[in-house]
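Overview (structure and organization)
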Amino acid sequence: MQDTPDLPATLAPIASHSPFLARLSRTRALRGFDWALALHGAVDPASMGAAVDASLDAGDPLAQALRDLRARTLAQVLVRDASGLAPLDEVVSTLSALATVAVRHAEWHTRAELIDRFGTPRDAAGRAQQLQVVAMGKLGGGELNASSDIDLVFVYPDDGDTDGERSIGNQEFFIRQGRALIGLISEVTADGMVFRVDMRLRPWGDAGPLAVSHAMLEEYLLSHGRAWERYAWMKALALTGTGDDEAALNRIVQPFVYRKYLDFGAYDALRDLHRQIRAEVARRDLRDNIKLGPGGIREIEFVAQIFQLIRGGRESELRVRSTREALHRLAASGRMPADAARTLLDAYDFLRRLEHALQYVDDAQTQMLPESDEGRTRVAGLMRYQRWDALAARTQAMREAVTAVFEDVFEARGGESPDAALGTLWQAAATAAAYGAELERRGFDPALGEHLASLRNGARYRTLSAAGQARVDALVPQLPAAALASPARNRALAALLALVEAIGGRVSYLALLKENPQALRHVASLVTASSWLAQYLNQHPLLLDELLDTRSLDAPADWPALFSGLSQELDAIGEDTEAAMDALRHFRHAQTFRLVARGLSGRLPLEALADDLTALADGVLQAVLDRVWAGLRGRHREHPAVCVIGYGKLGGKELSFASDLDLVWVHDDDHPDAGEVYSRLVQRCNGWLNRLTAAGVLYETDLRLRPDGDAGLLVCRVDHWQRYLESSAWTWELQALTRARAVAGDAAIGARVDAIRRQVLAAPRDAAATRQDIVDMRRRMLDAHRAKAGMFNLKQDRGGIIDTEFVVQYWILAFADRHPELLDNAGTLALLGRAADVGLVDADLAERSRQAYRRFRQQQHLLRLNAQGSSDVPEAGWAGDRAVVVELWDTVMGLLPEAVPALHGRMPPG
């Protein structure tokens, strides 16, 4: 046999640093190897399987074919990497592809051999079963290293038996196959091995069966799965099996790894795991281990994984197996600062290349920095450094940068400075008086001690799990420090205690507040400013997540981008109605919370806040309409020929965070079933909006402004709506029309709706008769509203909001035929100015009325922020504004009569 030629001279320097490469170059597998081609071209993963098939066709055993493939692949990867020609992605993806090809060929070969002996494994329904070889760890993430073992788990879909003459159970079949597969890949022969195989990540580890069914795996994960196993299964990737089998496996694994809620409890679990690793590093003196030691590869992986575990349940884009891809996505989404992500990515690239250099020396599975001068010279040369000192300095700098990011994420999250004395009292379940004395010492109202005692001794705390109680125990002593940062410390502490009591059963949210002192302080500030917001947080604690990124609260709403993201989320949900309804509710709650928080900070004026809340409602209505129509049985066209008309505050773009939606539905469809189809559409949309789910209500709606009210059709043709307005509508219905607009649905029908509105409002009318109708209606409303002594109702009382709005509506109905600028749905404030511009009112009175109306609206907003259901305020201090509006009314509408005849016919809703 002719001797195998050594490496070409150009590669001799690399071989001098890598005894492994020197040995490899003299093996049978590399006889005739084209080193020049290997050096200047990456391995084509698609060619690997073809190479194995070619070897098999030539009569080589599979074990030899796989080992030859490994030798050639590693030689090419090594020389390209050591020459600086292969980026990290090429190296790890090539090595991962090598392992995948080996596993798939081994699975196919061993299955065929066992089927020949025992027949095909089948489930109870007769369906053929196949072993799923699940890659874990770096192979699952597509980031395998040069001399790595491969972590595998063997699962199969269902129990049953083989269909051969010598029938055996499916589990026995797959255990036999697993053993044969492991031997084929890991057994050391004259040609070496392919990969070492580690099976310890399977259920129950070494004590468990080698192969388990889906049912066994699910039961194990639900009943026995430990926190560290969530990190392991995050990277699980089925290398073999059918697509249906993979989907079934994902349905088992994903809920175990990713929680539906924001899982901030993962911090403690990952800290515990990290402490165990640090203890092992210290015990075995592994400080120079670039994987497990401080600032090593594992800490980079931990940082990426903690964000994935916390948010992956709700943010599907974070459910990726690759550490590098996870870091890129975290930076792109703003969940991780871009500079921190860049630091980790740079360090990961450097440390993984260094890891490969350590392993290239002698094909050893090591991450330890060498101690000998010879070893250091070799590793430095493979990393293309002239001196070891320079490489060591670079390595230390990278590890220190990783440690800084790691500690910022994990160690620096101790929360507010806890009140040690309060913590001691809390642990002892002290009396209300003892709590009160400690709070008074800190500058709080001692009466809050009753609240603390009630929380500590209450049924809700006592029924918490041990983990839940531990979280409350850790959080409560931090609350006073957070409340002290608020201008109203007593109110802040009371609200924080109420929040802890409300969310105490949801351990992850307690962890969120404990882990994020900035969020805790922000909560204290917000709940002090708004009791409504405090109640909103109590009802929807998921919104606490919004406080983690203050940039989202500061930035103006980008509605096209936000609704595009909502659409993508709904598309990803598929046909799960409950999940889609909850996604819509979470979206609406999150955006409402952001907008109200911006308003409280003074960054969003009231009129702009109303505009944004209106845009939010418009977009949500469109999303609901699209979703319901897509799933509606019997629909006869791709897009519905329907329009949603908003009335009231929605139509007038004056929506508040607590407003319901006044809606009218019209269609323009000649199909014989159109009426029935669109009625079902409206019913279902109304259900989606009003239904109470675990995530709350989307919007409360009122459909009574449709033609003929409750007696009318849920949805009518647009021409019927037009005829009704032109011939049958009461004056109050025309007043309502002044604030109507198309808010969702078909754009062409919406344009027609808006044109009809302008046409109807611009029709000539008897001004005196119109004024009398409006005056009479106002008198009836005042008679129905009983004013409270010493109080002024900003909306209902004489000289309030309704008086101003009725005057503006009168101008539109009586004079829009001559002044078309009044037809624009521009809002009450703008229309007051326009009325003055066209001479309908004195400019000074119009401006004073505008200012009074704006103050009424602002005060009404403040009342709602503090959960006051009515618009009553002490009348002192409002006399001037009331007098202005009364002057406006009397000037335009005349004096109100003492009494009016009863109205026979349809009355306004409410």
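Source: prediction; values computed, not measured.

For the rest of this paragraph, the subject is the overall build of the protein. When you go through the protein residue by residue, the secondary structure sums to 41 helices and 14 strands. Its C-alpha atoms put the protein at 120 × 75 × 55 Å along the principal axes. Counting over 910 residues, the protein shows a buried share of 54%. Partitioning the intrachain contacts of the protein with sequence separation of at least 6 by distance along the chain shows that 73% fall at a separation of at least 24. Of the accessible surface of the protein, which amounts to about 37900 Å², a share of 50% is contributed by carbon and sulfur atoms. Across the protein, the mean location of the 105 positive side-chain charges is 2 Å away from that of the 122 negative side-chain charges.

On to the pattern of salt bridges. Scanning the model with the defined rule gives 49 salt bridges in all. Two residues, Arg-779 and Asp-783, come together in a salt bridge whose shortest N-O distance is 3.3 Å. Pair noted here: Arg-779 and Asp-783 are both in helix 37 (residues 767–784), with a separation of four residues, about one helical turn. Its relative accessible area of 14% is what places Arg-779 among the buried residues. In this structure Asp-783 comes out as partly exposed when scored by relative accessible area, which is 46%. Among the charged side chains, a salt-bridge network with shared partners connects Asp-668, Asp-670, Arg-717, Asp-719, Arg-723 and Arg-752.

A word on the packing of aromatic side chains. Think of a pair of aromatic rings as described by two things: how far the centres are apart, and how the planes are tilted against each other in angle. By the definition in use, this model includes 14 aromatic pairs. The interplanar angle of 20 degrees and the centroid separation of 5.7 Å between the aromatic rings of Trp-629 and Tyr-678 together place this pair among those described as stacked. You can see Trp-629 sitting in helix 31 (residues 606–630) and its partner Tyr-678 sitting in helix 33 (residues 674–690), a full 49 residues away along the chain. Just as Trp-629 is buried, Tyr-678 falls in that class too. With a centroid separation of 5.8 Å and an interplanar angle of 85 degrees, the aromatic rings of Tyr-810 and Phe-815 are classed as edge-to-face. When its relative accessible area of 3% is taken as the criterion, Tyr-810 is described as buried. Across the ring face of Tyr-258, the terminal group of Arg-319 is positioned such that the distance to the ring centre comes to 5.9 Å. Across the ring face of Tyr-699, the terminal group of Arg-588 is positioned such that the distance to the ring centre comes to 4.0 Å.

Moving on, we come to helix 9 (residues 214–223). For helix 9, the full list of buried residues reads His-214, Leu-217, Tyr-220 and Leu-221. Down the axis, helix 9 shows its buried residues gathered within 130 degrees of arc, on one side only. Among the exposed residues of helix 9, those pointing more than 90 degrees away from its buried face are Ala-215 and Leu-222. Of the surrounding elements, those touching the buried residues of helix 9 are strand 2 (132–135), strand 3 (150–156), strand 6 (211–213), helix 10 (227–233) and helix 11 (243–257).

Turning our eyes to something else, we now look at the packing of helix 40 (residues 843–865) against helix 41 (residues 879–893). At a minimum axis distance of 9 Å, the contact between helix 40 and helix 41 shows a crossing angle of 130 degrees. In terms of orientation, helix 40 lies oblique with respect to helix 41. Taken as a pair, helix 40 and helix 41 cross one another with a handedness that is left-handed. Across the interface between the two elements, Leu-845, Arg-848, Ser-849, Ala-852, Arg-855 and Phe-856 of helix 40 pack against Asp-881, Arg-882, Val-884, Val-885, Glu-887, Leu-888 and Thr-891 of helix 41. When grouped by side-chain class, the residues that make up the contact of helix 40 with helix 41 number six nonpolar, two polar and five charged.

Attention now goes to helix 39 (residues 828–837). Counted residue by residue, helix 39 has seven buried out of 10 residues, so it is predominantly covered. Taken as a whole, helix 39 has its buried residues at Thr-828, Leu-829, Leu-831, Leu-832, Gly-833, Ala-835 and Ala-836. Elements in contact with the buried residues of helix 39: helix 31, helix 38 (801–815), helix 40 and helix 41.

Counting buried residues in strand 3 gives seven out of seven residues, a clear majority hidden from the surface. Side chains Ile-150, Leu-152, Phe-154 and Tyr-156 project from strand 3 onto one buried face, and the interleaved Asp-151, Val-153 and Val-155 project onto a second face that is buried too. Relative to strand 3, strand 2 runs antiparallel, the two being bridged by four bridges. The residue bridging Val-133 from the neighbouring strand is Phe-154, located in strand 3. The pairing of strand 3 with strand 5 (residues 197–198) spans two bridges and is classified as parallel. Residue Asp-151 lies in a different strand from strand 5, and its bridge partner there is Asp-198. As judged from the three bridges shared by strand 3 and strand 6, these two strands associate in the parallel manner. Bridging across to strand 6, Tyr-156 finds its partner in Ser-213.

Moving on, we get to the confidence of the model for the protein. Looking at the protein, the pLDDT average stands at 89 and 94% of residues meet or exceed 70. Highest mean pLDDT in the protein belongs to strand 2 (98); lowest belongs to helix 28 (residues 550–554) (64).

On to the nonpolar core, then. In a soluble, globular protein the nonpolar side chains are often hidden away together inside. Judged by nonpolar contacts, the single largest core of 152 residues is most densely connected at Leu-544, Trp-665, Val-666, Leu-681, Trp-721 and Trp-811. Take this core: its biggest share by element is 12 residues, from helix 31. Dropping the residues within four chain positions of it, Trp-665 is found in contact with Leu-625, Val-642, Cys-643, Val-644, Leu-681, Val-682, Cys-685, Leu-703, Leu-714, Val-715 and Cys-716. If you look at the next biggest cluster of nonpolar residues, it comprises 109 residues, including Leu-88, Ala-135, Met-336 and Leu-358.

The next subject is the packing of helix 30 (residues 577–600) against helix 33. Contact pair helix 30 / helix 33: the axes reach a minimum separation of 10 Å and the direction vectors enclose 60 degrees. Our classification of the angle between helix 30 and helix 33 gives oblique. Of helix 33, the residues touching helix 30 (which contributes Thr-577, Ala-580, Met-581, Leu-584 and Arg-585) are Gly-687, Trp-688, Leu-689 and Asn-690. When its residues are assigned to classes, the contact of helix 30 with helix 33 shows five nonpolar, three polar and one charged.

Calculation criteria
- Residues numbered from 1 in each chain as written.
- Predicted model: local features only at pLDDT ≥ 70, side-chain atom pairs only at ≥ 80, totals over all residues.
- Heavy atoms only, no water.
- Helix = DSSP H or I, 4+ residues; strand = E, 2+ residues; numbered from the N terminus.
- Buried < 20%, exposed > 50% of the residue type's maximum accessible area, 1.4 Å probe, protein only.
- Contact = heavy atoms within 4.5 Å.
- Areas by Shrake-Rupley, 256 points an atom, 1.4 Å probe, with all protein chains shown as cover.
- Lys, Arg positive; Asp, Glu negative; His and termini not counted.
- Charge placed at Lys NZ, Arg CZ, Asp CG, Glu CD.
- Salt bridge = Lys/Arg side-chain N within 4 Å of Asp/Glu carboxyl O.
- Phe/Tyr/Trp six-rings, centres within 6.5 Å; stacked < 30°, edge-to-face > 60°.
- Lys NZ or Arg CZ within 6 Å of the ring centre and 35° of its normal.
- Arc of directions from axis to C-beta.
- Axes fitted to C-alpha atoms, helices over the stretch in contact; angles between N-to-C directions.
- Parallel < 35°, antiparallel > 145°, perpendicular 65-115°, else oblique.
- Left-handed = near helix turned anticlockwise from the far one by under 90°.
- Nonpolar A, V, L, I, M, F, W, Y, C, P; charged D, E, K, R; others polar.
- Pairing = 2+ DSSP bridges.
- pLDDT = per-residue confidence, 0-100.
- Core = buried A, V, L, I, M, F, W, Y, C linked by side-chain atoms within 4.5 Å.

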